[in-house]
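Given next are the chains, with one letter for each unit.
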Amino acid sequence: MEFVGTSAQGILKHRNKDERKISELKRKLAETEINLKAQQEKGSMLENCIKDKDDLIKTLQLSIDLVSQTKEMTIQKLQIQIMDLQSSLDLSRIAIKDNHGGNCAPAHDKVVKERKELNMENGKFREGNDQIVEIEKILKSKDAEIARLEFKIDESKLKIVKLEDAVKAKDEKIVKMKEILSEYNGNNKDDDEFVFLGFSNVPSIKLVTLPNFEPFASVFEDIPSAGRGWMVIQRRIDGSFDDVINSKLKQGCGDLGGEFWLGLEKLHKMTTNRRMELYIQLVDFDNVSAYARYDHFVIGDAKENYKLLCLGKYSGNAGDAFSSHINQAFDVLNLFHLESSKWWGTMNCNLNGIYKKSKIELLTPDGIWWGNWNLGKRISLKSCKMLIRPMP
C-alpha cells in the first residue's frame, strides 16, 4: 500500500508555512546548541576551580602535618633538656651535702650557675610553649579554612550536577527538535504533490494505491492522543447518506468532507494487504467523547460476505462493544433479506445505522449506537468516526 500526495488547493501556501516552521526549528536548534556549549564551558571552569581547591587543601594538610611534627620534636627536645638540668641540680645538691662544713664556695657558685642555666632553659621552655600555642591557633585557622573550602567544593559539585542535568535536558530537546525537523523535511518532497480539485475544504487528502486495485482518494488525520497518519474509513455526523448507503456498501459512498463510507472491498484489500489497527471515535448528544482501539483489524472478502475476521487487542474508554461481532458477516440487503443493519451483526453496536438527530433509546439495532458505553442500552450517538493505520 502506498500513499501519494497531500491536499489540495494552496499547496504552495502550506509548503511556505512548512519552510517557515523548518527555519524556526533550525534557529531554535542553533540557539540550543550555543546554550549547551556555554553550559559545558561553565561546567569545565567549575571542575578546574574544584581541582585548584583540592590542590590547596593538600598543601595546607602537608603544612599542618609538618607543623605538628615540629611541635612534637620541640616538646621532646625541651623535655630532654629539663631532665638533664634536673639531673645536674640533683648532683649539685649531693656535692653540697658531702662538702658541708668545708669550703662550700665552689659548690655554691656551681649551683648558682646551674640555676641560671635552668632559668634560661625554663625561659626557652616557656617560649617554646608560647610557640606551640601560636601554632595551635594557626592549625585551628587552617582547619576552619579547610572546612570552608570543603563546603565550597560541595556547593560546586552540586552546581555541576545541576549543570549536567541541564545539559542532559538540552540534549534531549535537541534530539526531539532534530526528529521534528527530519519529519518536516521528510514530508516536504516535491515529487509527491497531488492536487484534488474541488476538495479545497478538506486539507489532508491523499491518493491511496493498492496492488491490483484502482487508486482512490482518502482523508488522513492526526489524533493527538494516538499519533499521526490515520486514514478515515467511516464518518457519521448528520445522516446525509442514509438513503444511498444500502446500495453502496461494497464500493463506498458519501463525501470526503462529510458523511463517508470507504466501502467493503477497499477495507478488505487494505486490511489483508498489511496489518492495520482500528481507532473508533464516539461523541454523544451531551458532547461527551470516548474511543475504542483495536490493534489487528481484518475484513474478509466477498465470498465470505466481508466477515469481520479479527480485531486484535482492545484498549480505550468506550468499552469493548465490537469484539462480540467477530466472525459475523456484513449485513446487506438482498432478495432474501429485506432489512439490513449495514454492519457486522446486531449484537452490541452499530455505527452505520439510520442517524437520529437527538438522544433517544433505539427500539431496533438500526441506528448509531455503542452498547457498552451506555450501560447496555441502545442510545443514539451524535457522531462517530472510524480510522485505520498500518501497525509499526
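Residues numbered from 1 in each chain as written. Predicted model: local features only at pLDDT ≥ 70, side-chain atom pairs only at ≥ 80, totals over all residues. Heavy atoms only, no water.

Here we take up the overall build of the protein. Summing up its helical and strand segments, the protein has three helices and 14 strands in all. Taken across its 392 residues, the protein has 35% of its residues classed as buried. Excluding contacts between residues fewer than 6 apart, the proportion of contacts in the protein whose partners are at least 24 apart in sequence is 58%. Carbon together with sulfur atoms contributes 53% to the accessible area of the protein, which is approximately 23700 Å² in total. (Helix = DSSP H or I, 4+ residues; strand = E, 2+ residues; numbered from the N terminus. Buried < 20%, exposed > 50% of the residue type's maximum accessible area, 1.4 Å probe, protein only. Contact = heavy atoms within 4.5 Å. Areas by Shrake-Rupley, 256 points an atom, 1.4 Å probe, with all protein chains shown as cover.)

This structure, assessed with the given rule, holds 12 aromatic pairs. When the ring of Trp-230 is compared with that of Tyr-279, the centres are 5.5 Å apart and the planes differ by 55°; the resulting orientation is tilted. Remark: Tyr-279 occurs in strand β7 (residues 276-283) and Trp-230 occurs in strand β4 (residues 227-236); sequence separation between them is 49 residues. Measuring from centroid to centroid gives 5.6 Å for Tyr-294 and Tyr-314, while their planes differ by 50°, and the two rings are tilted. Linking Tyr-294 in strand β8 (residues 289-294) with Tyr-314 in strand β11 (residues 314-316), this pair joins segments that are 20 residues apart in sequence. Judged by its relative accessible area of 24%, Tyr-314 is partly exposed. Every member of this aromatic cluster is reached through a ring pair, and the members are Trp-261, Tyr-294, Phe-297, Tyr-314, Phe-322, Phe-330, Trp-343, Trp-344 and Trp-370. The cationic tip of Lys-206 hangs over the ring face of Phe-220; the distance from NZ or CZ to the ring centre is 5.3 Å. (Phe/Tyr/Trp six-rings, centres within 6.5 Å; stacked < 30°, edge-to-face > 60°. Lys NZ or Arg CZ within 6 Å of the ring centre and 35° of its normal.)

Another aspect to go through is helix α3 (residues 264-273). Across the 10 residues of α3, seven count as buried, placing the element largely inside the fold. Buried within α3 we find Leu-264, Glu-265, Lys-266, Leu-267, His-268, Met-270 and Thr-271.

This paragraph deals with the environment of Gln-86. You can see Gln-86 is positioned in helix α1 (residues 11-98). Note on Gln-86: relative accessible area 37%, which makes it partly exposed. Once the C-alpha coordinates of Gln-86 and Leu-118 are considered, the two residues, 32 residues apart in sequence, prove to be 8.2 Å apart.

Our next topic: the confidence of the model for the protein. Per-chain confidence: the protein averages 79 in pLDDT, with 77% of residues scoring 70 or above. Of the regions scoring below 50 in pLDDT, residues 184-201 engages in 34 contacts with residues more than four places distant in sequence or in other chains. The low-confidence segment residues 334-338 (pLDDT under 50) makes three contacts with residues lying over four places distant or belonging to another chain. (pLDDT = per-residue confidence, 0-100.)

For the rest of this paragraph, the subject is the nonpolar core. Among the nonpolar cores identified, the biggest contains 53 residues, and Leu-278, Ile-280, Phe-297, Phe-322, Trp-344 and Trp-370 are the most heavily contacted of them. Looking at this core, the elements that each hand over two or more residues are β2 (205-210), β3 (213-223), β4, β6 (260-261), α3, β7, β8 and β14 (383-390). Among the elements that make up this core, the one with the highest residue count is β7 (five residues). Other than its neighbours up to four places away in sequence, Ile-280 contacts Ala-290, Tyr-291, Ala-292, Tyr-294, Phe-322, Leu-351, Trp-370, Lys-385 and Met-386. (Core = buried A, V, L, I, M, F, W, Y, C linked by side-chain atoms within 4.5 Å.)

Attention shifts here to the pairing of β7. The side chains of a regular strand alternate, residue by residue, between the two faces of the sheet. Of all eight residues that make up β7, six are buried, and the element is covered over most of its length. Of the strand pairs in this sheet, β7 and β14 are connected by eight bridges, and their pairing is antiparallel. Paired with Glu-277 across the bridge in β14 is Arg-389. As defined by bridge partners, β7 adjoins β8 across six bridges and the pair is classed as antiparallel. Counted as the bridge partner of Gln-281 is Tyr-291 from β8. (Pairing = 2+ DSSP bridges.)

A positive phi angle, near 60°, is found at Asn-287, a position not held by glycine. The exposed category is assigned to Asn-287, whose relative accessible area is 53%. A positive phi is found at Tyr-306, a non-glycine position, where the angle reads about 50°. Mapped onto the elements, Tyr-306 comes out in the loop between β9 (298-299) and β10 (308-310). Using a relative accessible area of 7% as the deciding quantity, one classes Tyr-306 as buried.

Counted according to the given criterion, the structure contains 10 salt bridges. Residue Arg-228 pairs with Asp-222 through a salt bridge whose shortest N-O separation is 3.8 Å. The class for Asp-222 is partly exposed, based on a relative accessible area of 49%. Taking the shortest distance from any N to any O, the salt bridge between Arg-293 and Glu-277 comes out at 3.1 Å. Residue Arg-293 is found in strand β8, and its partner Glu-277 is found in strand β7; the two are separated by 16 residues along the sequence. Each of the two residues, Arg-293 as well as Glu-277, counts as buried. Several salt bridges converge on common partners, so that one network encompasses Glu-221, Arg-235 and Lys-385. (Salt bridge = Lys/Arg side-chain N within 4 Å of Asp/Glu carboxyl O.)

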